[in-house]
Amino acid sequence: MTVDHRNPVLRVVPGPTDINANGHIFGGWVLSQMDIAAGIVASRRAGGSVATVAIEKMEFIEPIHLRDVISVFAEVDRVGRTSMAIRIEVVATRDRGRTEKKVTEAIFTFVALDEQHRPRPVDQGE
Ligand SMILES: CC(C)(COP(=O)(O)OP(=O)(O)OC[C@H]1O[C@@H](n2cnc3c(N)ncnc32)[C@H](O)[C@@H]1OP(=O)(O)O)[C@@H](O)C(=O)NCCC(=O)NCCS
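Residues numbered from 1 in each chain as written. Predicted model: local features only at pLDDT ≥ 70, side-chain atom pairs only at ≥ 80, totals over all residues. Heavy atoms only, no water.

Per an unreviewed UniProt entry, the protein chain is named Acyl-CoA thioesterase, and its organism is Sphingomonas xanthus. The record held by UniProt for the protein chain lists under Sequence similarities (unreviewed entry) the comment "Belongs to the acyl coenzyme A hydrolase family." (UniProt positions renumbered as here; feature names shortened; annotations may be inferred.)

A. Expanded view of helix α1 (residues 27–46). With 20 residues, α1 extends 28 Å between its outermost C-alpha atoms, agreeing within 8% with the 28 Å of an ideal straight helix rising 1.5 Å per residue. Among the residues of α1, Trp 29, Val 30, Gln 33, Met 34, Ala 37, Ala 38, Gly 39, Val 41, Ala 42, Arg 45 and Ala 46 are the ones counted as buried. One or two positions beyond α1, positive phi appears at Gly 47, with a value near 70 degrees. (Helix = DSSP H or I, 4+ residues; strand = E, 2+ residues; numbered from the N terminus. Expected span 1.5 Å × (residues − 1). Buried < 20%, exposed > 50% of the residue type's maximum accessible area, 1.4 Å probe, protein only.)

B. Up close: the UniProt feature "domain: HotDog ACOT-type" (unreviewed entry) in the protein chain. In the UniProt entry, the feature "domain: HotDog ACOT-type" (unreviewed entry) is given for residues 4–116. Strand forms 45% of residues 4–116 and helix 18%; the C-alpha atoms that close the span are 34 Å apart.

Okay, here's the thing in structure tokens:
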């Protein structure tokens, strides 16, 4: 799976409270950053509010360390009638930029919402 790595949607640095008992970063913290980044991409594509309806695939490939800089890349993978699959990759940069590792990847599904928070059709034109 490949996502364009030129423009991250987010760059984030985890803090000391994000560490688990192994000294690595909690999976839930990473998942949260991915949900935020994918939500931005889905909302832009839908031109309005969206909600996460499913995480279809999630793989933690390598641990994230405390001083890593995390880049979250996300792009639209496919568009349904009201739903959008967003492909996400997380890259950790360490050793002051000398090392880059893909640490996590996933596909999240979002649904475009109307003002009553019900599914609304996504423009198929793009
Ligand atoms: C999003 C929500 C409004 C969708 O309502 P719904 O009654 O399930 O809507 P539908 O059955 O019409 O499905 C809407 C679309 O989502 C897709 N979808 C629904 N459940 C899905 C699932 N588990 N996996 C993948 N796609 C799913 C449907 O296939 C449909 O796609 P399409 O229109 O492109 O064909 C509703 O599920 C909801 O409010 N969920 C909570 C969202 C939320 O709070 N997220 C934050 C996490 S706490």
